[in-house]
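Descriptive analysis of the structure
Each chain, written out:
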Amino acid sequence: MVQAPCLYPAIRNYVIMTARTTLVLKNVTMPDGRVTDISSGSGYVTHVGSSQPCDHTIDCTGLLVLPGAVDMHVHMRGGVQFEKEDWQTGSRSALAGGVTVVVDQPNTIPPVTSPGGLFDRVEDAKKHSLCNFAINSGVDALTSFEPMWQAGALAFGEIFFAPSSYGEAISEAVLRQAFERIASLGALATIHAEKIIPVPDQDLVSHDQVRSSEGEAEAVRDVNQCNKSRCRVHFCHLSSSASIEAASGSVEVTPHHLFLSQDSFDPSSALGKVNPPLRTEEKRRELWKRWNRIDVIASDHAPHTLDEKRAAFVDAPAGMPGVETMMPLLAAKVLKREISVASLIEKTSSTPANLLRIQKAGFDIGNRADFALYPKEPAKITGDTLHSKCGWTPFEGHRAVFPGRVIMGGEQVYFEGEFTKGSPEWLPGGGYRKTR
Ligand code: DOR
Ligand code: ZN
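Summarised in this report is the structure supplied together with it. (Residues numbered from 1 in each chain as written. Chains lettered and ligands numbered in written order. Predicted model: local features only at pLDDT ≥ 70, side-chain atom pairs only at ≥ 80, totals over all residues. Heavy atoms only, no water.)

**Considering the coordination of the zinc ion (ligand 2)**
Note on the zinc ion (ligand 2): its protein donors are Glu-158 (OE), His-192 (ND1) and His-237 (NE2). The metal-donor distances range over 1.8 to 2.3 Å. In this structure, the zinc ion (ligand 2) is coordinated by four donor atoms arranged in irregular fashion, with angles at the metal of 79 to 129 degrees. One chain supplies every donor to the zinc ion (ligand 2), and in sequence these donors are spaced E-x33-H-x44-H. Highlighted residues: Glu-158 in strand β9 (residues 156–160) and His-237 in the loop between β11 (232–235) and α8 (241–246), separated in sequence by 79 residues. (Donors = N, O, S within 2.8 Å, 3.2 Å for Na, K, Ca; no water. Tetrahedral: all angles 85-135°; square planar, octahedral: opposite > 155°, others 65-115°. Helix = DSSP H or I, 4+ residues; strand = E, 2+ residues; numbered from the N terminus.)

Take a look at the structure:
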């Protein structure tokens, strides 16, 4: 059970605290260093502190225990794009990487721009997803915002303010109107902001010129200007320090912009082609210096097959898989003490939950009982052990720590390579009206 019952917080917590405890995580080291037990029942944390005996107990001594991550930017594909990914493989990849909630982007084929399309997407995910999921509404010149909100869209976007793989750009005039409508609903607008200049796009270096970081920062400023109605704006996958500085709204950064640069690939290889592009090593290092200003880390998991990525650079689709490697790459940074565990939890779990207005996972009574348990020994990422259907990773050989066990809604859903279907749920947005 993920959506909180609609009660006053005190009554809600009382109801949760009196739920029967079905799982205890013992000896959990909390982000502040305290060691305690976490009890859960009916999907939520019911008690923090010394536990009562319980049928199912997991000893977490020596493990890094993190709340399940909310990856607010994934492309799960399916439908006619089933060769790249589908809900089953994509959600397995998410769980094996410690992600218990994914937010699917609407640039599917066809795009999710009608209530019927949203309903079909939800039904497909309900049948096949192993993790919790939400679906965003696409935005174009013809979008009917209120019906999409009532159909259960969690947020609007990614709104393409520049074209990208399977995404057509909208104009400033359409964006301005979209902001007005989305603001009136109190919903969140998520934006893909870039500017494109028409020079030949033939390798990773020229791709970075076609879609430069300066152009991205300019597009961010244009978006700010369009937002006269003070809509809640979230900037997806910003790739440079200048763009982050320009953003007035929440800022998302991807692991690929933090861990990879143009130097990570042969320049003519489209494996490294992604929008916004990978930048120089210098700019990648600059990005880390903005860690404190980054609100959200999300993967922009965009699986394309190796065959597609081996096409001529200009024709190959942009994007790379990443939902399974996001937390492992960052958990390895925690173990090396390069980032704090509290900052990692904020950027990958509590802040995205707050922005999306879904119940957060974590260590307090009433939180969703979603946790991933990481050993403290790093390993190396290898594409052939991952679960995405696309079968490759841009992070081959990188140091990472994969969770051995994942709990979702108080149920164990992943244990050392084995999945168990728990109780995955659809998370509709605040405007949802049940009609069917
Ligand atoms: O590289 C990208 N791939 N950027 C996007 O904005 C879309 C994504 C995709 O859907 O493949
Ligand atoms: Zn995008």
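Moving on from the model shown.
**Considering the side chain of Asp-201**
Take Asp-201: it is sitting in the loop between β10 (188–192) and α6 (204–210). Despite its burial, Asp-201 remains without a salt bridge, the nearest opposite charge being carried by Lys-273 at 4.6 Å. Of the polar contacts made by the side chain of Asp-201, one reaches the side chain of His-207; its length is 3.0 Å. Ignoring sequence-local partners within four residues, the contact set of Asp-201 consists of Ser-206, His-207, Val-210, Lys-273, Phe-313 and Val-314. (Buried < 20%, exposed > 50% of the residue type's maximum accessible area, 1.4 Å probe, protein only. Lys, Arg positive; Asp, Glu negative; His and termini not counted. Salt bridge = Lys/Arg side-chain N within 4 Å of Asp/Glu carboxyl O. Polar contact = N/O pair within 3.5 Å; in protein donor to acceptor, adjacent residues only side chain to side chain. Contact = heavy atoms within 4.5 Å.)

**Focus: the state of the cysteines**
Disulfide: a covalent bond connecting the sulfur atoms of a pair of cysteines. Throughout the structure, instances matching the rule amount to zero disulfides. Unpaired in this structure, Cys-54 has its nearest cysteine sulfur neighbour in Cys-60, at a distance of 13 Å. Looking at Cys-54, the relative accessible area reads 17%, which means it is buried. (Disulfide = S-S within 2.5 Å.)

**Thoughts on the packing of helix α2 (residues 87–96) against helix α3 (residues 115–128)**
α3 packs onto α2 with a crossing angle of 65 degrees between their chain directions and a minimal axis gap of 9 Å. Taken as a pair, α2 and α3 cross one another with a handedness that is right-handed. Contact with α2, carried on its side by Trp-87, Gln-88 and Ser-91, involves Arg-121, Asp-124, Ala-125 and His-128 of α3 and no other residues of that element. Split into classes, the residues belonging to the contact of α2 with α3 amount to two nonpolar, three polar and two charged. (Axes fitted to C-alpha atoms, helices over the stretch in contact; angles between N-to-C directions. Left-handed = near helix turned anticlockwise from the far one by under 90°. Nonpolar A, V, L, I, M, F, W, Y, C, P; charged D, E, K, R; others polar.)

**A word on the sheet that holds strand β1 (residues 23–29)**
Taken in spatial order, the four strands line up as β3-β2-β1-β4 in an open sheet, and their pairing is mixed. The open sheet is flanked by β3 (44–48) and β4 (57–59), the only strands paired with a single partner. Taken pair by pair, the neighbouring strands of this sheet meet at an average axis angle of 25 degrees, ignoring direction. Both β1 and strand β2 (residues 35–41) contribute to a ladder of five bridges, which runs antiparallel. In the strand pairing of β2, Val-28 is matched with Thr-36. (Pairing = 2+ DSSP bridges.)

**Comments concerning the pairing of strand β12 (residues 250–253)**
Side chains on a regular strand alternate between the two faces of the sheet. The side-chain alternation of β12 yields two buried faces, one formed by Ser-250 and Glu-252 and the other by Val-251 and Val-253. Pairing analysis gives two bridges linking β11 to β12, with the strands arranged parallel. Along β12, the bridge assignment pairs His-234 with Ser-250. On the question of chirality, the crossover connecting β11 to the parallel β12 by way of α8 is right-handed. Looking at chain direction, β12 and strand β13 (residues 296–297) are connected through two bridges and run parallel. By the bridge assignment for β13, Val-253 is matched with Ile-297. (Right-handed = clockwise from strand over helix to strand, strands pointing away.)

**Here we look at the nonpolar core**
Counting 109 residues, the largest nonpolar core has Val-102, Ile-191 and Phe-371 as its most contacted members. Top element by residues in this core is helix α12 (residues 326–335). It accounts for seven residues. Excluding anything up to four places from it in sequence, Val-102 contacts Asp-71, Val-74, Met-76, Trp-87, Ala-94, Cys-131, Asn-132, Phe-133, Ala-134 and Val-323. Membership of the second largest hydrophobic core comes to 15 residues, among which are Met-72, Leu-188, Leu-355 and Leu-356. (Core = buried A, V, L, I, M, F, W, Y, C linked by side-chain atoms within 4.5 Å.)

**Looking at the environment of Ser-350**
Along the polypeptide, Ser-350 turns up in helix α13 (residues 341–356). Once the C-alpha coordinates of Ser-350 and Ala-361 are considered, the two residues, eleven residues apart in sequence, prove to be 7.0 Å apart. Every residue in contact with Ser-350, bar those within four places of it in the chain, is listed here: Ile-345 and Lys-360.

**Focus: the site of ligand 1**
Neighbouring residues of ligand 1: 15 residues in total, closest Arg-77, Asn-107, His-192, Asn-275 and Ala-318. In the environment of ligand 1, an oxygen atom lies 3.0 Å from a nitrogen or oxygen atom belonging to the side chain of Asn-107. Contact distances for ligand 1 include 3.0 Å between an oxygen atom and a side-chain N or O atom of His-304. Calculation on ligand 1 without its partners gives an accessible area of 290 Å², and the protein chains cover 100% of this total. (Near = heavy atom within 4 Å. Areas by Shrake-Rupley, 256 points an atom, 1.4 Å probe, with all protein chains shown as cover.)

**Observations concerning the packing of aromatic side chains**
Counted by the stated rule, this structure contains eight aromatic pairs. Geometrically, the ring pair formed by Phe-363 and Phe-371 is tilted, given 5.8 Å between the ring centres and 35 degrees between the ring planes. As far as burial versus exposure is concerned, Phe-363 and Phe-371 are alike and both buried. Look at Trp-426 and Tyr-432: their rings are 4.9 Å apart centre to centre, the planes differ by 75 degrees, and that puts the pair in the edge-to-face class. Looking at Trp-426, the relative accessible area reads 14%, which means it is buried. An aromatic cluster is built from Phe-145, Trp-149 and Phe-156, whose rings are joined through pairwise contacts. One Lys or Arg, Lys-333, reaches over the ring of Trp-288 and ends 4.8 Å from the middle of that ring. Its guanidinium or amino end placed over the ring of Trp-291, Lys-347 lies 5.1 Å from that ring's centre, counting from NZ or CZ. (Phe/Tyr/Trp six-rings, centres within 6.5 Å; stacked < 30°, edge-to-face > 60°. Lys NZ or Arg CZ within 6 Å of the ring centre and 35° of its normal.)

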